[in-house]
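Descriptive analysis of the structure
Here is how the chains run, residue by residue.
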Amino acid sequence: MIVPSKLQQGDEIRIIAPSTSAKILGDTGVDKAKARLEEMGFVVTFGQHIYESDLFSSSSIESRVDDIHAAFSDPNVKAILTAIGGFSSNEILPYLDYTLIKKNPKILCGFSDITALATAITTKSEFVTYSGPHFSTFQMEKGRSYHEQNFLKCLTSSDSYSVTASSYWSDDEWYLDQENRRFEQTNWKVFNEGEACGQIFGGNLSTLNLLQGTPYIPSGFDKKILFIEDDYETRPQIFARDLTSLLQSIHNVQALVIGRFQRASQMTDEDIEFILTKIPCVKDIPVLYNVDFGHTQSMFTFPIGGTVKVDTASKKLDFWRF
């Protein structure tokens, strides 16, 4: 597995919109996110077509593919951030030039619907991609320290590093009201104790399941550490069905790490433990849940295709060799 070069101060980050158009962010949101990344020491540029917006608030397949190819082909671009998530990044997968992308490995980071694009590139072009903040995340004014610190840990250093639980979390609509934030204390939770080490795959569960039966999911999808999360549209029964479907296509999962659920999903600890108790293949592996990634804040960045050690006793994730 190829590891893209890490970011350095002064490097150019290209913003693309492979799913929902960046138009949804508005001028103020774009300006805030750009300014914050520049404060962190980076140069921000934008794909040619990211503000195009159709009936489904996206752009044409051709426009999205052109911006991806342009970003990977440009030697000045050192990392690529997705503007925001959405519903349609899987539409573009058959039209990408994975040979071109493989010849120009560089950081690609985003989450949610971007799981389809990131997993396809890791599978077909054989390099590590990253599940972490969108460009839009960097317009956040309060409660940003955890995601920014872990973004930099993951993407600017080749050293191994550890992640533990954030001291706060929020599920508020911060992008609508930056001042009146609601934060609560939090911690990761353990379903099964243990330690495991292996290669990471995962991201947004419902998006990852779209790739089953396609060439864009690893054919040797076994002996992995599986990271999964889902958004407000899921429900306990839907999550149970989707998780069961994915696990039936994988052999010998080494550990399971589940991101924190949004309140609208109506998922409780009792629901999570009931779901996990019913699945035989997770009864004897380490399982953490309520972990800091997905659609709530805080969130850390993790390498898809990288290596992690899961330790439930210390509630710690050690990322290395990526």
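Note that the structure is predicted; figures quoted are calculated from it, not measured.

1. Here's the deal with the overall build of the chain
Helix and strand content of the chain: eight helices and 14 strands. For the chain, whose C-alpha radius of gyration is 18 Å, the value lies close to the compact-globule estimate of 20 Å for 322 residues. For the chain, the spread of C-alpha atoms along the three principal axes comes to 50 × 45 × 40 Å. Counting over 322 residues, the chain shows a buried share of 58%. The long-range share in the chain, meaning contacts at least 24 apart out of those at least 6 apart in sequence, stands at 80%.

2. Examining the packing of aromatic side chains
For any pair of aromatic rings, geometry is given as the distance between the ring centres together with the angle between the planes. Considering all chains together, one arrives at 16 aromatic pairs under this definition. Ring geometry for Phe-227 and Phe-302: centres 4.7 Å apart, planes at 40 degrees, overall tilted. Highlighted residues: Phe-227 in strand E9 (residues 224-229) and Phe-302 in strand E12 (residues 302-304), separated in sequence by 75 residues. Neither Phe-227 nor Phe-302 differs from the other in exposure class; each is buried. With a centroid separation of 5.7 Å and an interplanar angle of 55 degrees, the aromatic rings of Phe-293 and Phe-300 are classed as tilted. Through successive ring pairs, a cluster of aromatic residues spans Tyr-161, Trp-188, Phe-227, Phe-293, Phe-300, Phe-302 and Phe-319.

3. Some words on the layout of surface pockets
As a volume, the largest pocket reaches approximately 1200 Å³. Lining the largest pocket are 41 residues, with Ile-84, Ser-112, Tyr-175, Tyr-232 and His-295 positioned closest to its centre. Elements with a minimum of two residues in the lining of the largest pocket: helix H6 (205-208) and helix H7 (236-247). Looking at side-chain class alone, the lining of the largest pocket contains 14 nonpolar, 19 polar and eight charged residues. In this structure, the lining of the largest pocket is formed jointly by two domains, domain 1 (12-139) and domain 2 (161-320), each of which donates at least three residues. The wall of the second largest pocket is formed by 14 residues, among which Arg-260, Phe-261, Met-267, Asp-269 and Asn-290 lie closest to the centre. At the level of secondary structure, the elements contributing two or more residues to the lining of the second largest pocket comprise helix H8 (269-277) and strand E11 (287-291).

4. Some points on the nonpolar core
For soluble globular proteins, nonpolar side chains are generally found buried alongside one another. Counting residues in hydrophobic clusters, the biggest one holds 93 residues, and the most contacted among them are Leu-93, Phe-227, Phe-300, Leu-317 and Phe-319. Counting the residues that make up this core, at least three belong to each of domain 1 (12-139) and domain 2 (161-320). Those residues in contact with Phe-319 that sit more than four places away from it in its chain are Ser-160, Tyr-161, Val-163, Ile-200, Phe-227, Phe-300, Phe-302, Pro-303, Thr-307 and Val-308.

5. Notes on the domain arrangement of the chain
Once the domains are mapped, the chain shows domain 1 (12-139) and domain 2 (161-320). One C-alpha centre belongs to domain 1, the other to domain 2; they are set 23 Å apart. Contact with domain 2 buries area across many residues of domain 1, yet Thr-115, Thr-119 and Ser-131 alone supply 25% of it, more than any other trio. Inspection of the domain 1/domain 2 interface yields six residue pairs in polar contact (both at pLDDT 80 or more). Of all the elements in the fold, those that place two or more residues in the side of domain 1 that touches domain 2 are helix H4 (114-125) and strand E5 (129-131). The element contributing the most residues to the side of domain 1 that touches domain 2 is H4, with eight residues. Looking at the side of domain 1 that touches domain 2 residue by residue, the class counts come to twelve nonpolar, twelve polar and three charged.

6. Describing the pairing of strand E4 (residues 107-110)
In E4, alternate side chains face the same way, and those of Ile-107 and Cys-109 on one face and Leu-108 and Gly-110 on the other are all buried. Read from strand E3 (residues 77-82) through helix H3 (residues 98-103) to E4, the crossover connection turns out right-handed. Judged from the two bridges that link them, E4 and E5 form a sheet pairing that is parallel. What sits directly across from Gly-110, in E5, is Ser-131. With H4 bridging E4 and its parallel neighbour E5, the resulting β-α-β unit is right-handed.

7. A look at the UniProt feature "active site" (unreviewed entry) in the chain
When the UniProt feature table is mapped to this numbering, "active site" (unreviewed entry) covers Ser-112, Glu-229 and His-295. Spanning 184 residues, the named residues form one tight spatial group whose C-alpha atoms are at most 8.4 Å apart. Of the residues named above, Ser-112 and His-295 line the largest pocket. Positionally, Ser-112 belongs in the loop between E4 and H4. Those residues in contact with Ser-112 that lie beyond four places of it in its chain are His-134, Asn-204, Thr-207, Glu-229 and His-295.

Here is what the cut-offs are and how they apply
Residues numbered from 1 in each chain as written. Predicted model: local features only at pLDDT ≥ 70, side-chain atom pairs only at ≥ 80, totals over all residues. Heavy atoms only, no water. Helix = DSSP H or I, 4+ residues; strand = E, 2+ residues; numbered from the N terminus. Rg over C-alpha atoms; globule rule 2.2 N^0.38 Å. Buried < 20%, exposed > 50% of the residue type's maximum accessible area, 1.4 Å probe, protein only. Contact = heavy atoms within 4.5 Å. Phe/Tyr/Trp six-rings, centres within 6.5 Å; stacked < 30°, edge-to-face > 60°. 1 Å grid on protein atoms, 1.4 Å probe; cavity = no way out; pocket = protein on both sides within 12 Å on 5 of 7 lines; lining within 4 Å. Points joined across faces, edges and corners; volume = space filled by probe spheres on them. Nonpolar A, V, L, I, M, F, W, Y, C, P; charged D, E, K, R; others polar. Domains from an automatic or database assignment. Core = buried A, V, L, I, M, F, W, Y, C linked by side-chain atoms within 4.5 Å. Buried area = accessible area lost by both parts, 1.4 Å probe. Polar contact = N/O pair within 3.5 Å; in protein donor to acceptor, adjacent residues only side chain to side chain. Right-handed = clockwise from strand over helix to strand, strands pointing away. Pairing = 2+ DSSP bridges. UniProt positions renumbered as here; feature names shortened; annotations may be inferred.

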